[in-house]
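Notes for the structure review
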Amino acid sequence: MAFKFPVKSLAGREPSHGEGFEFFLRTAIPFLGVIAALLISAIILLFLKTNPIVAYSAMFQGAFGSVNGWSQSLVKATPLLLVGLGVCIAFRASVINVGGEGQIILGALAGTWFALTFPDLPRFILIPGCMTAGFLAGAFWGLIPGFLKARYKVNEILSTIMMNSIALQFMNFLLQGPMMDPEGIKAGTFLAQSARLPPTSWLARLIPRTMLHSGVYVALIFAILVYIFLWRTTIGYQIRAVGLNPRASRYSGINVPFNQMLSLTIAGGLSGLAGVIEVMGVHRRILEGLTGGYGFTGIVAALLGSLHPLGMLPASVLFGGLLVGANTMQRAVQIPAALINAILGLIVLFVSGSALWIHQIIKKRKTAAIVVALPKAAAASEETKS
Amino acid sequence: MMNIFTWDVLSGVLRTMIALSTPFLFAALGETFSQLSGVVNLGVDGIMLLAGFFAFYAVFLTGNVWLGLLLAMLVGLVMGLMMSFVSVTLKAQQGISGIGLQMFGLGMSSLLFKVLVGTVTSVTGFRPVKIPLLGDIPFIGSILFNNNVLVYSAFLLVPLSWWVLEKTTLGLKIKAVGQNPAAADSVGINVNRIRYFSVCLGAVLAGVAGASLSISIANLFQDNLTSGQGFIAVALVYFGGWSPVGVLGGALLFSLANSAQLWLQVLGINVPASLAVMLPYVLTIVVLTVAVNRGKQPAALNKQFFRGEN
């Protein structure tokens with residue numbers, strides 16, 4: 001198999017460009033982690049006196065058993081892919097972006113603000129305008145922890161988590177005050193949600209009577225763009241170099257803190273874009289619970305997709321499906337959808353735990369290959385001499 | 001506008017501060033051990049949630065607070081073993097495995113709560129025990145010496161941790177492993193065993209922290225009861241410069257901010273609730289930025305140890 005799959009292992013070691021078997025290991029083992037997590041959760045379900053087979057088949061049916069299920073799964077895969085692409089870029093520079101939730105909120109707020117402020121703009125300006133506003137706001141929310149990491153070495157995991165809580169409270173404040181839907185105030189319902197976006201800013205629905213919207217194309221385009229950015233541009237190369245070997249990068253003149261800040265800013269922008277697309281495509285207004293945990297699930301999707309845009313396509317569909325299926329399961333067997341969080345946590349533990357192990361197997365195989373190849377080469381050169 | 005600077009309000013604020021500092025103290029002191037041995041455990045919040053749920057559930061069923069506390073410690077131990085197995089034995093990247101543990105704790109506690117309990121119900125948690133004589137001192141007595149066992153133990157844990165870390169061989173070994181695991185290994189210290197011990201000790205204390213939320217402060221359980229306090233506790237370790245006394249200062253500062261914010265709302269002062277709730281999170285970022293004793297950071301923090309390679 002000639003397809004090269006350049007991946008930095010989670011253990012923070014050198015990447016190895018490999019052939020089929022390596023590709024298989026790197027993708028198959030994480031998926032075994034998913035199966036293991038599902039098995040452990042099955043045991044938990046048994047303790048809760050629920051038949052796991054019934055629960056899981058309800059989950060699978062809900063996610064991939066119908067056109068509606070598929071389209072819902074793709075709707076949820078869209079923000080997961082965008083958030084995950086950001087996580088991937090940040091991770092390549094050794095930065096862990098746990099701030100997806102907050103960046104989604106900021107992006108959604110900015111996009112909503114843009115659409116409500118300029119409702120009369122023509123559609124072909126309004127939609128890109130909203131997306132740009134969302135991207136910029138999310139990027140700003142990523143820039144803050146990025147700057148603090150670059151300048152003051154503030155642990156980005158902690159700061160991004162705090163930024164999530166701040167963004168959440170900020171959204172609550174706006175939705176219960178300045179941004180509250182005037183219709184709701186007039187009707188006396190006082191729901192914590194914004195006014196409805198002008199129809200010109202709505203993303204087109206692709207299949208009638210489903211939620212699937214054109215935002216999924218935007219996510220796909222960005223997957224390709226991120227691939228090009230990371231592997232075909234100088235900045236992308238620098239970001240990857242910083243993650244692979246910060247010391248060597250520094251010696252070769254790459255500004256390590258700047259690249260880390262940049263990667264977190266772009267990651268924030270992509271999450272912000274996910275937020276504004278969620279508003280324009282699904283809810284058509286901003287409301288509480290908009291993030292739906294995408295900021296965290298996106299991390300898991302990125303890890304499972306081997307931190308590679310191509311790997312993340314199936315991973316985000318899988319997790320989109322899991323989120324949809326969890327709701328179906330909740331209705332079918334009365335097991336709360338919160339189970340999915342526990343499953344996600346186990347998957348992360350499995351994937352992070354197996355990363356080094358995979359790396360070592362690959363390393364051993366390479367060493368073995370050299371040990372086998374060297375004497376042969378030597379013998380061959382002897383033969384040619386004589 | 002009423003006068004808010006009365007003795008009653010002040011003593012109320014301080015009383016709440018002491019109570020609210022309990023979970024921070026347990027979790028952050030535990031995390032101090034863990035980090036000094038070189039392992040950042042970001043799963044503290046998840047441990048607090050799951051342990052907090054089990055403590056609540058035990059009290060909900062039996063009414064026995066000690067059983068609740070024991071169960072919380074047990075949950076902490078199990079999750080500590082999970083964390084150390086993944087991070088120490090399998091040498092996972094600690095930031096990621098910690099987030100995994102947190103998600104597991106969050107999801108699991110929410111799942112079990114919804115299935116086993118269903119609605120928010122309050123229980124009778126630890127009752128205050130007044131210390132004779134000291135408890136009768138005006139003003140101070142009611143703030144400091146009329147609390148429950150968990151609060152007293154949290155504060156006693158500060159000198160105890162200091163003593164273990166500074167005056168015992170075990171403390172020396174923990175710090176050696178966190179500073180230079182290869183050197184510690186070469187003089188016969190079992191690096192992995194010390195890290196397992198420190199992580200599990202930290203996790204058990206995080207379990208107690210969870211119990212102190214659910215059966216000592218709130219006396220109830222709900223989804224995401226901690227609302228990020230476990231992460232703040234991790235930040236407190238950086239703020240406290242990896243010393244128990246520094247952690248105490250940080251814990252008091254944060255619980256003061258929390259308590260002041262709660263009292264602002266109780267007194268009906270016109271600050272939007274959401275902006276007040278934001279305060280501790282903003283404070284955490286500020287604290288992480290300005291008050292970091294980088295020099296005291298364990299050199300091998302957040303680094304895996306590969307025997308015979310370093």
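Cut-offs applied
Residues numbered from 1 in each chain as written. Chains lettered and ligands numbered in written order. Predicted model: local features only at pLDDT ≥ 70, side-chain atom pairs only at ≥ 80, totals over all residues. Helix = DSSP H or I, 4+ residues; strand = E, 2+ residues; numbered from the N terminus. Rg over C-alpha atoms; globule rule 2.2 N^0.38 Å. Contact = placed C-beta atoms within 7 Å. Buried ≥ 20, exposed ≤ 12 C-beta atoms within 10 Å, placed from the backbone. Core = buried A, V, L, I, M, F, W, Y, C linked by C-beta atoms within 7 Å. Expected span 1.5 Å × (residues − 1).

Notes on the overall build of chain B
- Counting its regular elements, chain B contains 12 helices and 2 strands.
- For chain B, the N- to C-terminal ordering of α and β elements is α-α-α-α-β-α-β-α-α-α-α-α-α-α.
- Taking 310 residues into account, the globule formula puts the C-alpha radius of gyration at 19 Å, and chain B, at 20 Å, falls close to it.
- Based on the C-alpha atoms only, the size of chain B along its principal axes is roughly 65 × 45 × 40 Å.
- Put simply, 79% of the contacts in chain B that link residues at least 6 apart link residues at least 24 apart.

As for the overall build of chain A
- Counting secondary structure elements, chain A contains 14 helices and 0 strands.
- Counted from the first residue to the last, chain A has its helices and strands arranged as α-α-α-α-α-α-α-α-α-α-α-α-α-α.
- Compactness check: chain A gives a C-alpha radius of gyration of 23 Å against a globular reference of 21 Å for 386 residues, within 12% of the reference.
- Here the C-alpha coordinates of chain A stretch approximately 95 × 55 × 35 Å along the principal axes.
- Classification of the 386 residues of chain A by burial places 53% in the buried group.
- Within chain A, contacts between residues at least 6 apart in sequence are counted, and of these 77% link residues at least 24 apart.

Topic: the nonpolar core
- Residues Ile347(A), Ala55(B) and Leu236(B) are the most contacted members of the largest nonpolar core, which totals 220 residues.
- If one sorts the elements of this core by residue count, helix α9 (residues 191-217) of chain B sits on top with 17 residues.
- When residues no more than four places from it in sequence are discounted, the contact partners of Leu236(B) are Phe24(B), Ala28(B), Val247(B), Gly250(B), Ala251(B) and Phe254(B).

Some remarks on the interface of chain A and chain B
- Across the boundary between the two partners, chain A contributes 41 residues, which contact 39 residues of chain B.
- When residues of the side of chain A that touches chain B are traced back to their parent elements, those giving at least two are α5 (123-152), α6 (156-176), α12 (294-304) and α14 (339-385) of chain A.
- Per element, the largest residue contribution to the side of chain A that touches chain B is 14 residues, and it comes from α14(A).

Brief notes about α6(A)
- With 21 residues, α6(A) ought to run about 30 Å at 1.5 Å a step, and its terminal C-alpha atoms sit 30 Å apart, in line with that.
- Burial analysis of α6(A) places 16 of its 21 residues in the buried class, the great majority of the element.

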